[in-house]
Amino acid sequence: MIGGLVLGVAIGLAGCAEEEPEDFTAGTRSAFLAACTEPLADSRLTSAICGCVFEESQARLSFDRFEAIDSELVLDPEVELPDDVAAIVAACVIEEAGL
């Protein structure tokens, strides 16, 4: 589950590449959530985790950093997530799954 979620989050970040916003928007959030949950069994837990990852990314990362990670993932979806993003994913999995 966690490996698939990390891939989903990576794809979620990469899914934001279609538009060129300059800051976090409702459209950025929608694109992230759609791409994050698409490759996974779309359960409420997965949606909650993806929502948490987006919200924490918005709170902890600048939009430029978010966009840079997105660009890197578009080029190579299997690239290792940066430590700061991996920490966000891990915290959200723990929080939303009640671990």
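Everything below is about the structure printed above this text.
To keep things clear, this report deals only with the structure shown in the data block. (Residues numbered from 1 in each chain as written. Predicted model: local features only at pLDDT ≥ 70, side-chain atom pairs only at ≥ 80, totals over all residues. Heavy atoms only, no water.)

A word on helix H3 (residues 44–60). The terminal C-alpha atoms of H3 lie 24 Å apart, and with 17 residues this matches the ideal 24 Å at 1.5 Å per residue to within 8%. Along H3, the residues classified as buried are Thr46, Ile49, Cys50, Gly51, Cys52, Val53, Phe54 and Ser57. (Helix = DSSP H or I, 4+ residues; strand = E, 2+ residues; numbered from the N terminus. Expected span 1.5 Å × (residues − 1). Buried < 20%, exposed > 50% of the residue type's maximum accessible area, 1.4 Å probe, protein only.)

Attention shifts here to empty space enclosed by the protein. In this structure the tally under the stated criterion is one cavity of 30 Å³ or more. Roughly 30 Å³ of volume is contained in the largest cavity. Along the walls of the largest cavity sit Ile69, Glu72, Leu73, Val79, Glu80, Leu81 and Pro82, which together make up its complete lining. Looking at the lining of the largest cavity residue by residue, the class counts come to five nonpolar, no polar and two charged. (1 Å grid on protein atoms, 1.4 Å probe; cavity = no way out; pocket = protein on both sides within 12 Å on 5 of 7 lines; lining within 4 Å. Points joined across faces, edges and corners; volume = space filled by probe spheres on them. Nonpolar A, V, L, I, M, F, W, Y, C, P; charged D, E, K, R; others polar.)

The next subject is the packing of aromatic side chains. Scanning all chains against the criterion turns up five aromatic pairs. On the numbers, 5.1 Å between centres and 80° between planes, the contact of Phe24 with Phe63 is edge-to-face. Taken together, the residues Phe24 in the loop between helix H1 (2–14) and helix H2 (26–37) and Phe63 in helix H4 (residues 63–75) connect sequence positions 39 residues apart. When sorted by exposure, Phe24 lands in the same class as Phe63, which is buried. Following the ring pairs from residue to residue traces out a cluster consisting of Phe24, Phe54, Phe63 and Phe66. (Phe/Tyr/Trp six-rings, centres within 6.5 Å; stacked < 30°, edge-to-face > 60°.)

Looking now at the side chain of Thr28. Of note, Thr28 is situated in helix H2. Overall, the relative accessible area of 3% leaves Thr28 in the buried class.

This brings us to the state of the cysteines. Counted according to the given criterion, the structure contains one disulfide. The disulfide partner of Cys52 is Cys92, and the gap between their sulfur atoms is 2.1 Å. Taking the sign of the S-S torsion, about -75° here, the bridge from Cys52 to Cys92 comes out left-handed. Placement of the pair is Cys52 in helix H3 and Cys92 in helix H5 (residues 83–97), with a sequence separation of 40 residues. Given the relative accessible area of 7%, Cys52 is considered buried. What makes Cys92 buried here is its relative accessible area of 0%. (Disulfide = S-S within 2.5 Å.)

Okay, H4 next. Under the 1.5 Å per step criterion, the end-to-end length of H4 is 18 Å for 13 residues, consistent within 8% with the ideal 18 Å. Here H4 has its buried residues at Phe63, Phe66, Ile69, Asp70 and Leu73. What you see down the axis of H4 is that its buried residues fit within an arc of 125°, all on one side. Away from the buried face of H4 by more than 90 degrees, exposed residues Asp64 and Leu75 are located. (Arc of directions from axis to C-beta.)

Shape is all these values report; function is a separate question.
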